[in-house]
Amino acid sequence: MFKHILKLIKAQGKSNAWVFMELLIVFILLWWSIDATLMQGITALQPEGFSVDNVCKVTLAVRPRTSASYVNYQEGSEEVGKNYLRIIERLKMHPDVGTVAFFGPHSAPFNYSSNSRTCWNDTVSAVNSLRYTVTPDYFRVFDIHAVDGGSPDLLADALADGWVVSRTLEEKLVDGAHLQGKRLAWDNKGDSTTYRVNGITVPIKKQGFDQPRPVVFTLLTEKDLYEADERELGQMQIAFRLRSGVTGSSDYAASFKTEMKQSLAAGNFWLADVQYYPDIRGKFLDNTMQVNGQRLNIAVNAFLLVNVFLAVIGTFWFRVNRRKGELGLRMAVGSSRRTIRQLVVGEGLLILTIVSIPALLLCLNMAYADMLSTVVMKVTFGRLLVVSLLTWGILAGIIFLATWYPSRKASRLEPAEALHYE
Amino acid sequence: MLKIYLKQAWNLIRQERLFSLIYVVGTGLSVSMVMVLSIVFYMKIANIYPETNRDRMLVAKSGMIKHKNGSQSSSSLSESMINTCFGSLKGVEAVALISRHDGECMVQPDGDPVQLPVTVKYVNTVFWKVFEFRFLNGKPFTDADQQSAIRTAVIAESLARRLFGTTDAAGKFISVDFRQYRVCGVVKDASLVTEKTYALVWFPYTVADGYKPNGSWYDTQALGDYHAYILASKGTDLKALKKEAEEKAERYGKMLGEETFTALGQPDYYWQSCFRYWSNERPDYVLLSLQYGLIILIFLLVPSVSLSGMTDSRMERRLSEMGVRRAFGAPVGTLMTQIISENFLFTALGGVFGLIFSYLLIYLTRDWILQIGASFVNALPEGADVVFSPGMLMNYQVFGIALLVCFVLNLLSALVPAWRASHRQIIDSLNAK
């Protein structure tokens, strides 16, 4: 049967040329874009390193100076920082609230704002890392664990007199070695302050769809609070995790806001908003380049597949019509309807398989020319194999669909009528 | 003659319905993909209310400073840089400033506890000259308002109706973030399609928090809060103006003392500014054009190969007809013209289908489709919807592009089959029956 179909394909020669060409182009385009999609998929499945379930975000606003009820404080007065801490304390008193953390404006997940600095090891090796300025409770609120499985509490303690860094930083800075207990610095001058690494977290993502980036957690102290002015404090972020047993939701956040509106005001700070963190996450992910890129990718791939479908169905439709005589003869000499059907579908699939040989050669060339992204993983044999099989499989499915109707038509021919054409 | 060809083609369509359907759908898909791309860029680049002067506009959004210690800062431009470099150029009609500190504020409606989120923009008075908003009531804020930072505001029609129930809102007061502003004018709403100017409330830029006359970012002189939209007067050679402005900006950059400033090739033509996202990087316009050219080529090439295949098999069936015609002396050229023009009927049908389909696609994906080609995504403001006016989608430019696409696609998909069908040996063709 196999050899027979091969002969048939050879005999069809020129009329198959178009299908060959179409499949060749689409195979290569699809192969490339399946690889990209696969990498995106892997990224999406990687753990984010923290959890925002049951976490709410509190946004404070600062009354403008021009407002009638603005309270004036002396320059350098600690009252402003105290007001801020009063709000945090009141938040902690709420029966539903488990832990409260506050942190610098660039230290929250799911936003574009970031503060990055170069982190040095022994004035030799350096890595550009995100700097998160946080209170120890940050690890409890976002449920961040140590890379060796240690609890958030351990990390919170570790932050007290040193740094906590993410596993990604350790990997990039001292590949294979350990950073725990070593001292790192913000610059490469030998005499600068160094900080002891007291804990290492799991890899942490910043934006959900990205790769984990090196992160340095540094302690946000009360002193920092007193030194900051109102505007800076207003930009700080507050998040709290609900006590276990209480389930958060968007409605919960809204009612929490109404309930606490009065008590969460002190000095010139007032409560502007309480949001449920998973909502922030959802909205952020919905509006990213990556998600838009995926949508575009899907649209373009669908377009390619529909084109293959049309090309194959168009060609085979005509072919079956033209070969009625031949098919009739086959039936007359004993081919079953099933065999005829297999013949037509098999021809389509075999064409794809033949095409995939030159197509794969071109694809491998692309891989060798470093045209594939290696951000997520290196180009390995396994990756190429999976992508190639997927591409073949998807195209085979489309070809099966496209040849199904013509093949049915062919097998339903009445032998007598079909022979009439001969 | 053409009429006979088309008649014949129409009959062919009716004879082979399934085949024709497949063919038309295939063409339509290709056309719709290219048209979605074209319409998106049309909306980004063409003259659309209120940005009706885009074709005689230059845009400068950002600049970069090299400090003497080797580090670099980049940001938007300062008022003084814009005035020095672009204000006095010959052929410049007006320079609109838009502050990058736009964003969402809350409006407190009278006697209603629920606040409304609105998008606000801080602009200068000539903004209203550069962007021709239609005033339904009142006037733009005046130079005097701007100079003395008087709290005035121009608001959009939809907001006026929501707050006051009427568009005659000039002279009334609105409260934005608990501050009172006098409404001086009401304009017809702009769509989010023109996001650079879209807002519901426009304030004089001088009323913004922290505004200092001739202030600049960290005293860099050149960097600040503003994007400049430079309107050239009618009949000015835009290319020459751009060159002059570029040179002036570079000269300015060398006279800052210890620091050097560069506008990285700005001001841009309007279409170029759509691709400028980062303030410290000059986009590679040649590379961008190549990229989009490649995408369009793929959108046209992939379907045209399959369409060629189908046309070819259709020709196969009509070989005997071709044979007879050639036996009676029809020249190859005539036959090719016939095949290609017959095929155009198919393509045109597909084109109509494709254009309509592309409208549907754009409408369904309006939340994100305009971000195609962006390197940075801005979330839509709360409660805002991207509205398309019929004029943005249906106009002779868009129809013209669609027709051109059909033409190219038709040639791509019929040329080779036509050539093949009309160059067969007559004997073979006659024998094909």
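Note that this is a predicted model, so its numbers are computed, not measured.

### Some points on the UniProt feature "transmembrane region" (unreviewed entry) in chain A
Residue and element names in this part refer to chain A.
- The feature "transmembrane region" (unreviewed entry), as annotated in UniProt, sits at residues 16–34, 298–318, 339–361 and 381–405 in this numbering.
- Annotation note: span residues 298–318, helix share 100%, strand share 0%, distance between end C-alpha atoms 30 Å.
- The span residues 381–405 shows a helical share of 100% and a strand share of 0%, and its end C-alpha atoms are spaced 37 Å apart.

### What to know about the UniProt feature "transmembrane region" (unreviewed entry) in chain B
- Annotation from UniProt places "transmembrane region" (unreviewed entry) at residues 21–43, 285–308, 344–364 and 398–419 of chain B.
- Secondary structure within residues 398–419 of chain B divides into 100% helix and 0% strand; the distance between the first and last C-alpha atoms comes to 31 Å.

### Let's talk about the domain arrangement of chain A
- The domains assigned to chain A are domain 1 (2–45 + 288–421) and domain 2 (55–277).
- Taken over C-alpha atoms, the centre of domain 1 of chain A sits 53 Å from the centre of domain 2 of chain A.

### What to know about the domain arrangement of chain B
Residues and elements named next belong to chain B.
- You can read the domains of chain B as domain 1 (2–48 + 285–431) and domain 2 (54–273).
- Counting residues at the interface gives 17 residues for domain 1, matched by 12 residues for domain 2.
- Considering only residue class, the side of domain 1 that touches domain 2 consists of 13 nonpolar, three polar and one charged.

### Description of the packing of helix 1 (residues 2–15) of chain B against helix 11 (residues 332–364) of chain B
Residue and element names in this part refer to chain B.
- Contact geometry for helix 1 and helix 11: axes closest at 9 Å, N-to-C directions at 55°. In terms of orientation, helix 1 and helix 11 fall into the oblique class. In this structure, helix 1 crosses over helix 11, and the sense of that crossing is right-handed. Contacts between helix 1 and helix 11 involve L2, Y5, L6, Q8, A9 and W10 on the former and, on the latter, Q338, S341, E342 and L345.
- Taken together, the residues of the contact of helix 1 with helix 11 break down into six nonpolar, three polar and one charged.

### What to know about the nonpolar core
Residues and elements named next belong to chain B.
- Ranked by size, the top nonpolar core spans 65 residues in total, and within it L97, A153, I155, V201 and A228 carry the most contacts.
- Top contributing element to this core by residue count: strand 13 (residues 226–232), with six residues.
- Excluding residues that lie within four positions of it along the chain, I155 makes contacts with A160, A169, I174, V183, V186, L200 and V201.

### What to know about the packing of helix 11 of chain B against helix 13 (residues 396–422) of chain B
All names here are of chain B.
- It is the contact of helix 11 with helix 13, at a shortest axis distance of 8 Å, that shows an interaxial angle of 145°. Of the two elements, helix 11 crosses helix 13, and the hand of that crossing is right-handed. Across the interface between the two elements, V332, L335, M336, I339, I340, N343, F344, T347, A348, G351 and L355 of helix 11 pack against A402, C406, L409, N410, A414, L415, A418, W419, A421 and S422 of helix 13.
- Here the contact of helix 11 with helix 13 is composed, by residue class, of 16 nonpolar, five polar and no charged.

### What to know about the interface of chain A and chain B
- Residue-level contacts link 27 residues of chain A with 26 residues of chain B.
- Put simply, the parts of the chain that give the side of chain A that touches chain B at least two residues each are helix 2 (14–45) and helix 11 (289–322) of chain A.
- By residue number, the principal contributor to the side of chain A that touches chain B is helix 11 of chain A, which donates 15 residues.
- Here the side of chain A that touches chain B is composed, by residue class, of 17 nonpolar, eight polar and two charged.

### Brief notes about helix 13 (residues 337–368) of chain A
Residue and element names in this part refer to chain A.
- For helix 13, spanning 32 residues, the distance from its first C-alpha to its last is 46 Å, which sits close to the expected 46 Å at 1.5 Å a residue.
- Of all bends in helix 13, the biggest is about 30°, found at S356, and the proline P358 comes one to four residues later.
- Where helix 13 is concerned, the buried positions are I340, R341, V344, V345, E347, G348, I351, L352, V355, S356, A359 and C363.
- Backbone geometry just downstream of helix 13 places D370 in the positive-phi region, at approximately 60°.

### Concerning the UniProt feature "domain: ABC3 transporter permease C-terminal" (unreviewed entry) in chain A
- Sites flagged by UniProt as "domain: ABC3 transporter permease C-terminal" (unreviewed entry) map to residues 300–415 of chain A.
- In this annotation, residues 300–415 of chain A is assigned 83% helix and 0% strand; the end-to-end C-alpha distance for the span is 43 Å.

### Some words on the environment of A:L173
Residues and elements named next belong to chain A.
- Note that L173 resides in helix 6 (residues 167–173).
- Taking the C-beta count within 10 Å as the criterion, L173 has 22 such neighbours and is therefore assigned buried.
- Placed 53 residues apart in sequence, L173 and W120 show a C-alpha to C-alpha distance of 8.3 Å.
- Discounting chain neighbours no more than four positions away, the residues touching L173 are N121, S125, V127 and L179.

Rules used in this analysis
Residues numbered from 1 in each chain as written. Chains lettered and ligands numbered in written order. Predicted model: local features only at pLDDT ≥ 70, side-chain atom pairs only at ≥ 80, totals over all residues. UniProt positions renumbered as here; feature names shortened; annotations may be inferred. Helix = DSSP H or I, 4+ residues; strand = E, 2+ residues; numbered from the N terminus. Domains from an automatic or database assignment. Contact = placed C-beta atoms within 7 Å. Nonpolar A, V, L, I, M, F, W, Y, C, P; charged D, E, K, R; others polar. Axes fitted to C-alpha atoms, helices over the stretch in contact; angles between N-to-C directions. Parallel < 35°, antiparallel > 145°, perpendicular 65-115°, else oblique. Left-handed = near helix turned anticlockwise from the far one by under 90°. Core = buried A, V, L, I, M, F, W, Y, C linked by C-beta atoms within 7 Å. Buried ≥ 20, exposed ≤ 12 C-beta atoms within 10 Å, placed from the backbone. Expected span 1.5 Å × (residues − 1). Bend = angle between axes of the 7 residues up to and from the residue.

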